[in-house]
Amino acid sequence: MTEQTQNADVYRISRVIGNNFVCTVDDGGKEVILRGLGIGFKKHAGDLIPAHQVEKIYDLRDPEKSSRLRDLLADVPPEFLDVSTEIIETAENCIGRRLSENIYITLTDHICFAVERMRSGVRYPNHLLWEITNFYPAEFAIGKKALDIIEAKLGFRLPQDEAGFIALHIVNAEIDGKMADMVLITEVIGKITSVVQDYYGVTLDEQSLDYGRFITHLKFLGQRITQNRYVADDDSEFQSMIVQRYQQDYQCAEKIRAQLRESFSVQLPAEEMTFLTIHLHRLALSMGITDQKE
């Protein structure tokens, strides 16, 4: 999602979503959403809004996502989008990159339901909280900040489990996937790290740079698994060289492939096995398991 600069002196309303949200049409004929305190109150299509009253412009490039956000805003209090926007902007500042615009929809919807569950006294445990905490520490830290933002803006202190769910939404927006896929990816990472620790007989150092790089590789491997779109590399000579040179690490990759086949009915192709072996070797080097340089 892009945030437009307010060059115009006024905006003409194309439709009113609520008291604080309206739509206008940009110079390219695309409808965008404007947010501002009371800008939609007693307003109608065709009315003008001074630019200085507009606090933020939501310009979703995908028309379908823009339509879904409009529909969501018609059903939820506007402060929920304000809260999710602050969380998203905090996340983007922390990780230094833009997130998929779809998070404005999914995170707003999630926070709305989380608060509703708390009001109703319903607890929804996060069974992946340990994995999220250990595999996505940066995003989990943002999730904990999000709990503070939600409490300050909405007056509800959500449980730690919700910091994990919010972290998953952020990770999902980083790779621009589906939330259900993100749950599967996290489970895949959990299976792989378990195999690695058992095979090498070590406890992985979750604070090390090499561990972070390994988890990043697994995150995108998991994404390719969910999309069934694997890396393309037909260099069989290079693959054979990796297998022969890093036999110990390749055997670990074989155990990982067997585990993924058993648990998720996934068959890693040779190309993925090659790159997985390389990452395993780098991890083994950093842990002092091997002294065989690359």
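Up top is the structure these notes are about.
Looking now at unusual backbone geometry. Residues other than glycine seldom take positive phi values, yet N228 does so here, at roughly 55°. In this structure, N228 sits in the loop between helix 8 (209–227) and helix 9 (236–245). Even without being glycine, S265 reaches a positive phi, approximately 55°. Looking at where S265 falls in the secondary structure, it is placed in the loop between helix 10 (247–264) and helix 11 (270–287).

This brings us to the pairing of strand 3 (residues 31–35). Within strand 3, five of the five residues are buried, which leaves the element mostly enclosed by the surrounding structure. The two faces of strand 3 match: E31, I33 and R35 on one face and V32 and L34 on the other face are all buried. Judged from the five bridges that link them, strand 2 (residues 21–25) and strand 3 form a sheet pairing that is antiparallel. When the bridges of strand 3 are listed, V22 appears paired with L34. Connecting strand 2 to the next strand, strand 3, in antiparallel fashion are five residues, including G29 with a positive phi near 85°.

A word on the packing of helix 5 (residues 137–154) against helix 6 (residues 160–175). Orientation of helix 5 relative to helix 6, taken along the N-to-C sense of each, is 120°, at an axis distance of 7 Å. The orientation of helix 5 with respect to helix 6, classified from their angle, is oblique. As helix 5 packs across helix 6, the resulting crossing turns out to be right-handed. Only Q160, E162, A163, G164, I166, A167, I170, V171 and E174 of helix 6 make contact with helix 5, whose side of the interface consists of E139, F140, I142, G143, K144, A146, L147 and I150. When its residues are assigned to classes, the contact of helix 5 with helix 6 shows ten nonpolar, three polar and four charged.

Before going further, it helps to examine the nonpolar core. Membership of the largest hydrophobic core comes to 72 residues, with the highest contact counts inside it found for I87, I111, Y136, I192, V196, I256 and L280. Discounting residues that sit within four places of it in the chain, I256 has contacts with I192, V195, V196, L276 and L280. Ranked by size, the runner-up nonpolar core spans ten residues in total, among them L34, I39, A51 and I57.

The next thing to look at is the sheet that holds strand 3. The five strands are arranged 4-1-2-3-5 in an open sheet whose pairing can be described as antiparallel. The strands lining the two open edges of the sheet, one partner per strand, are strand 4 (48–50) and strand 5 (56–58). Across the sheet, the mean angle from the axis of one strand to that of its neighbour is 45°, orientation sign disregarded. Alignment of strand 1 (residues 10–16) against strand 2, held across three bridges, turns out to be antiparallel. In the sheet register, V16 faces strand 2, and the bridge partner there is V22. Seen against the sheet, helix 1 (residues 63–75) touches strand 1, strand 2, strand 3 and strand 5 and runs at an angle of roughly 35° to strand 3. Most of the contacts of helix 2 (residues 78–95) go to strand 5, to which it runs at about 90°, and overall it touches strand 2, strand 3 and strand 5.

Right, let's get into helix 1. End to end, helix 1 covers 19 Å across 13 residues, agreeing with the expected 18 Å (1.5 Å per residue, within 8%). Within helix 1 the residues assigned to the buried category are K65, S66, L69, R70, L72 and L73. Taken around the axis of helix 1, the buried residues stretch over an arc of 165°, which confines them to a single face. Turned more than 90 degrees from where helix 1 packs its buried face, P63, E64, A74 and D75 sit exposed. Looking at the packing, one finds that the buried side of helix 1 touches strand 1, strand 2, strand 3, strand 5, helix 2 and helix 3 (103–119).

Conventions we followed
Residues numbered from 1 in each chain as written. Predicted model: local features only at pLDDT ≥ 70, side-chain atom pairs only at ≥ 80, totals over all residues. Heavy atoms only, no water. Helix = DSSP H or I, 4+ residues; strand = E, 2+ residues; numbered from the N terminus. Buried < 20%, exposed > 50% of the residue type's maximum accessible area, 1.4 Å probe, protein only. Pairing = 2+ DSSP bridges. Axes fitted to C-alpha atoms, helices over the stretch in contact; angles between N-to-C directions. Parallel < 35°, antiparallel > 145°, perpendicular 65-115°, else oblique. Left-handed = near helix turned anticlockwise from the far one by under 90°. Contact = heavy atoms within 4.5 Å. Nonpolar A, V, L, I, M, F, W, Y, C, P; charged D, E, K, R; others polar. Core = buried A, V, L, I, M, F, W, Y, C linked by side-chain atoms within 4.5 Å. Expected span 1.5 Å × (residues − 1). Arc of directions from axis to C-beta.

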